[in-house]
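Observations on the three-dimensional arrangement
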Amino acid sequence: RPPPVEHPNPFAPTTCVVPIRVPAMPGAYGVVDQGSRPSVSPIAVSEKGTTGDIIEAENDRASWRDAWRSKLSAVLATPAASCDDSASRLSVLVKTGLLRFEDLMENPGRFFEAHRLLAQAGFQHGPGFSIRFTVQYNLFAGTILELGSARQLNQLREMQRTGRLGCFALTERLAGVNSGLVVHTTACWVCDDKDKAGGYFLLNTPHPGAKKNWISQGLTASLGVVVADLIVNGETVGPHAFLVLLRDKNNRPGKGVTLTDMGAKTTGNDLDNASIEFNSVRMDRTALLDKHCDVFTVREGKQGKGVYVERGGDASEGATSGTKKHRLTNMDRIGQRLFTGRIAVAQGAHEFRSLLFQRTKEATDNKPCWVPSAGKSDSTATPAARALSDVPQLKSLYLEETRRHERTGRFLRVVESALCASLLSKTRPDSVLVEAVAAAKVRAVDEAIEMTHRLRQEVGAYALMAKTGFEHTDFLQCCKFAEGDSRVLMMKMARDRVWRLAKMKTKGNTGGRGTLVDTTSKREASATASLAAQIQDAAARGLSPTEAWDEASEAAYLLAEIAIEDIVTTWLDPVAKL
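So, a few notes on the structure that sits alongside this text. (Residues numbered from 1 in each chain as written. Predicted model: local features only at pLDDT ≥ 70, side-chain atom pairs only at ≥ 80, totals over all residues. Heavy atoms only, no water.)

1. Looking at the overall build of the chain
Note the following rule: By definition, any uninterrupted DSSP run of H or I lasting at least four residues is a helix, any uninterrupted run of E lasting at least two residues is a strand, and each is numbered from the N terminus. In what follows, a contact means two residues having at least one pair of non-hydrogen atoms within 4.5 Å. To be clear on the numbers: accessible area is Shrake-Rupley with a 1.4 Å probe, and residue cover counts the displayed protein chains and nothing else.
A tally of regular secondary structure across the chain gives 15 helices and 15 strands. In the chain, the share of contacts with a sequence separation of at least 24, taken over all contacts with a separation of at least 6, comes to 73%. Looking at the chain as shown, the accessible area adds up to about 26600 Å², and 53% of this sits on carbon and sulfur atoms.

2. Focus: the packing of helix α5 (residues 128–147) against helix α6 (residues 150–162)
The relative placement of two packed helices comes down to the angle between their axes together with the axis-to-axis distance. Heads up, the rule is: Angular values range over 0 to 180 degrees, each being the angle between N-to-C directions of two axes fitted as lines to C-alpha atoms, with helices fitted over their stretch in contact. Should an angle fall under 35 degrees it is called roughly parallel, over 145 degrees roughly antiparallel, and 65 to 115 degrees roughly perpendicular, with every other angle called oblique. Should the near helix be turned anticlockwise from the far one by less than a right angle, the crossing is left-handed, and should it be turned clockwise, the crossing is right-handed. Side-chain classes follow a simple rule in which Ala, Val, Leu, Ile, Met, Phe, Trp, Tyr, Cys and Pro form the nonpolar group, Asp, Glu, Lys and Arg form the charged group, and the remainder, Gly included, forms the polar group.
Where α5 meets α6, the closest approach of the two axes is 8 Å, and the angle between their N-to-C directions is 150°. The orientation of α5 relative to α6 falls into the category roughly antiparallel. Crossing angle aside, the handedness with which α5 passes α6 is left-handed. Taking contact as the criterion, the partners of Tyr137, Phe140, Ala141, Ile144, Leu145 and Leu147 in α5 are, on α6, Gln152, Leu153, Leu156, Met159 and Gln160. Here the contact of α5 with α6 is composed, by residue class, of nine nonpolar, two polar and no charged.

3. With respect to the pairing of strand β5 (residues 199–204)
Under the convention used in this document: The criterion for strand pairing is that DSSP finds at least two bridges linking the strands in question.
Taken together, the six bridges between strand β4 (residues 186–191) and β5 define a ladder with antiparallel strand orientation. When the sheet's bridge partners are listed, threonine 186 is paired in β5 with asparagine 204. Note that β5 and strand β11 (residues 281–283) share three bridges and pair antiparallel. Paired with phenylalanine 201 across the two strands is methionine 283, which belongs to β11.

4. Description of the sheet that holds strand β6 (residues 212–216)
Taken in spatial order, the three strands line up as β6-β10-β9 in an open sheet, and their pairing is antiparallel. On the outer flanks of this sheet lie β6 and β9 (257–261), each paired with one strand and no other. When strand polarity is set aside, the average angle formed by the axes of neighbouring strands in this sheet is 35°. Both β9 and strand β10 (residues 273–278) contribute to a ladder of five bridges, which runs antiparallel. Bridge pairing in β10 links aspartate 261 to alanine 274.

5. Structural notes on helix α9 (residues 431–458)
Rule in force here: Between the first and last residue of a helix there are one fewer steps than residues, each counted as 1.5 Å, and that sum is the expected span.
When the terminal C-alpha atoms of α9 are compared, their 41 Å separation across 28 residues agrees well with the 40 Å that a helix rising 1.5 Å per residue should span. Following α9 by one or two positions, glycine 460 adopts a phi angle in the positive range, close to 60°.

6. Overview of the side chain of arginine 342
To keep things clear, this is the line we draw: Only protein chains enter the area calculation, which uses a 1.4 Å probe; residues under 20% of their type maximum are buried, those over 50% are exposed, and those in between are partly exposed. Counted as positive: Lys and Arg. Counted as negative: Asp and Glu, with His and the chain ends omitted from the count. Note on definitions: salt bridges are taken to be side-chain nitrogens of Lys or Arg within 4 Å of carboxyl oxygens of Asp or Glu.
With respect to the secondary-structure elements, arginine 342 resides in helix α7 (residues 330–365). Among buried charged residues, arginine 342 stands out as having no salt bridge; its nearest opposite-charge side chain is glutamate 483, 6.5 Å away. The residues contacting arginine 342, other than those within four sequence positions of it, are Val437, Lys441, Glu483, Gly484 and Leu489.

7. Describing the pattern of salt bridges
Counted under the stated rule, the structure contains 37 salt bridges. Across the pair glutamate 113 and arginine 65 runs a salt bridge, and its minimum N-O distance is 2.4 Å. Of this pair, glutamate 113 sits in helix α4 (residues 108–121) while arginine 65 sits in helix α1 (residues 58–75), placing them 48 residues apart in sequence. Pair check on accessibility: glutamate 113 and arginine 65 agree, each one buried.

8. With respect to the nonpolar core
Stated precisely, the cut-off is as follows: Here the nonpolar core consists of buried residues drawn from Ala, Val, Leu, Ile, Met, Phe, Trp, Tyr and Cys, with membership extended through side-chain atoms lying within 4.5 Å.
Membership of the largest hydrophobic core comes to 90 residues, with the highest contact counts inside it found for Trp68, Phe133, Phe140, Phe411, Val415, Leu531 and Trp571. The dominant element in this core, judged by the number of residues it contributes, is helix α15 (residues 553–572), at 11 residues. Beyond its immediate chain neighbours, meaning those up to four positions away, phenylalanine 411 contacts Ala436, Ala439, Ala440, Ile567, Val568, Trp571 and Leu572. By size, the runner-up hydrophobic cluster in this structure holds 27 residues, among which are Ile215, Phe242, Val244 and Leu246.

9. Side note on the environment of threonine 258
Tracing the chain through its elements places threonine 258 in strand β9. Its relative accessible area of 39% is what places threonine 258 among the partly exposed residues. When the C-alpha positions of threonine 258 and glutamate 277 are compared, they lie 5.1 Å apart, and in sequence the two are 19 residues distant. Apart from residues lying up to four places away in sequence, threonine 258 is in contact with Ser275, Ile276 and Glu277.

10. Some remarks on the packing of aromatic side chains
Counted only if it meets this: Each Phe, Tyr or Trp ring, with Trp reduced to its six-membered ring, pairs with another whose centre is within 6.5 Å; inter-plane angles below 30 degrees give stacked pairs, above 60 give edge-to-face pairs, and intermediate values give tilted ones. The criterion is that NZ of a Lys, or CZ of an Arg, lies within 6 Å of the ring centre and within 35 degrees of the ring normal, and then a charge sits over that ring.
Here the structure, examined in full by the defined rule, presents 11 aromatic pairs. Taking the centre distance of 5.9 Å and the plane angle of 15° together, the rings of tryptophan 64 and tryptophan 68 count as stacked. In this pair, tryptophan 64 and tryptophan 68 are both assigned in helix α1, four residues apart and thus about one turn of the helix distant. Across this residue pair, the class does not change: tryptophan 64 and tryptophan 68 are buried. Taking the centre distance of 6.3 Å and the plane angle of 75° together, the rings of phenylalanine 357 and tyrosine 398 count as edge-to-face. Of the two residues, phenylalanine 357 is situated in helix α7 and tyrosine 398 in helix α8 (residues 392–424); the sequence distance between them amounts to 41 residues. Assigned by exposure class, phenylalanine 357 and tyrosine 398 land together as buried. Clustering of aromatic rings is evident, with ring pairs tying together Trp64, Trp68, Phe101, Phe133 and Tyr137. Geometry around tyrosine 200 places arginine 282 over its ring, the cationic atom sitting 3.7 Å from the centre. For lysine 361, the ring lying beneath its charged end belongs to tyrosine 398, and the centroid distance is 5.6 Å.

Dropping the structure here:
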């Protein structure tokens with residue numbers, strides 16, 4: 001059963017009232033001009049909650065919402081003329097302080113609503129600005145919030161004041177969305193007595209396959225959070241995040257940094273996507289995001305030796321699974337941003353679908369169809385009043401869309417509420433919430449793709465016209481592989497269930513209490529057993545584990561689809577009989 005949520009009304013259609021911490025960074029409700037500092041006006045709040053948090057009053061959220069919509073209307077009044085133009089507009093939006101970088105942690109309800117309102121405001125112009133916004137706030141700033149020291153958080157505040165932009169460089173040519181977060185880019189610690197910090201990092205792209213690939217905002221960002229394999233004394237200590245200067249004060253690429261445009265796309269061409277290569281880029285010791293780790297040099301005789309240390313975690317470190325606590329790696333912490341990103345992506349796809357159906361229905365409601373008068377079939381008959389929306393197949397599709405859109409929307413809201421509670425309590429999402437977030441992303445995106453495609457088939461030439469929204473449906477393709485490819489998430493769901501079944505059998509739980517039927521639906525339990533049997537049969541025929549899973553991939557994806565439906569049902573009705 002999903003954990004209880006703290007929100008008084010998780011199904012509120014436009015917002016959720018959530019506890020927020022006292023802001024550590026200036027906020028603003030008024031719209032300020034480009035070049036101004038964020039307002040330092042205090043945020044009005046209501047009474048304290050029992051946990052010491054403060055509750056954002058609904059009238060204050062409404063004031064913020066009005067200001068945010070007003071600024072979005074100004075920023076997105078016309079389509080961006082170029083990537084530079086689009087980036088400049090984001091810089092203006094960032095500097096207002098209406099949405100602080102720290103709202104991701106301190107006011108996540110506002111963070112998610114800001115994404116939804118942006119998706120609505122930017123529908124006409126395509127997905128480029130929305131993706132740019134998510135990269136800036138969730139991936140770039142969010143990773144610094146997660147991994148950065150107090151000094152680096154101050155640097156992030158200064159970036160908000162000045163409107164400097166950043167990017168997030170994880171994906172590589174041979175380590176993309178299907179890689180499982182593998183990185184080949186290296187950051188080697190070099191001991192150096194002449195350096196006041198005792199050494200420095202050298203950032204390198206060791207081979208062409210390690211080039212950072214499809215990095216959104218990579219051409220216009222001043223800095224980047226770059227994920228690289230940290231090497232100390234010739235030994236890898238795993239992927240770590242570094243804050244890297246990509247362009248100097250004159251906007252020229254930094255020394256050793258090569259930025260290449262990925263080329264034109266089918267949509268979202270106001271967003272720059274870059275390939276990034278590093279050639280012996282020297283980084284100060286302070287480039288490492290070092291809230292949880294550090295690297296320094298110690299003397300051993302006449303030689304210096306690099307030392308890597310992990311800093312102690314707080315009480316909330318690690319997510320629990322049963323009674324055993326999982327030790328978080330630095331890559332685990334980097335991956336935390338994928339959870340908030342998956343909800344933002346899911347909501348973006350859901351909003352796009354909603355607006356496309358809304359706009360299309362307005363058009364078909366006003367599109368008359370020729371219908372012969374009763375008892376007449378010749379071409380001279382006077383047409384009866386009937387709209388295209390009344391054609392049976394389209395009418396049926398609209399009714400189905402209303403039902404499915406409402407259910408998926410409720411699921412997204414309740415999962416968002418639980419994730420907000422986790423962020424506010426500064427605890428790691430447990431396995432139930434992590435899987436619900438993955439299910440939300442897969443369900444919202446796949447359903448949006450399915451329903452918008454079916455809509456396209458029923459409205460004829462209208463779907464070919466510019467400015468209808470159909471020209472931007474490839475945005476949903478972006479959503480499918482963003483923040484964790486949907487196929488990868490589904491395969492993990494299937495593998496987890498087969499692993500859990502095998503673990504139960506190992507403990508002797510082959511019947512009675514403790515079986516899968518006790519914790520899942522009968523259909524899911526049956527699909528899990530069937531997939532496990534296929535894997536075992538393949539192994540008996542001498543296939544490797546990889547070959548066995550490849551052979552059983554269709555059954556694995558079917559199991560994942562069943563599991564996702566069970567997850568949705570359970571979260572919407574925890575006491576439902578599955």
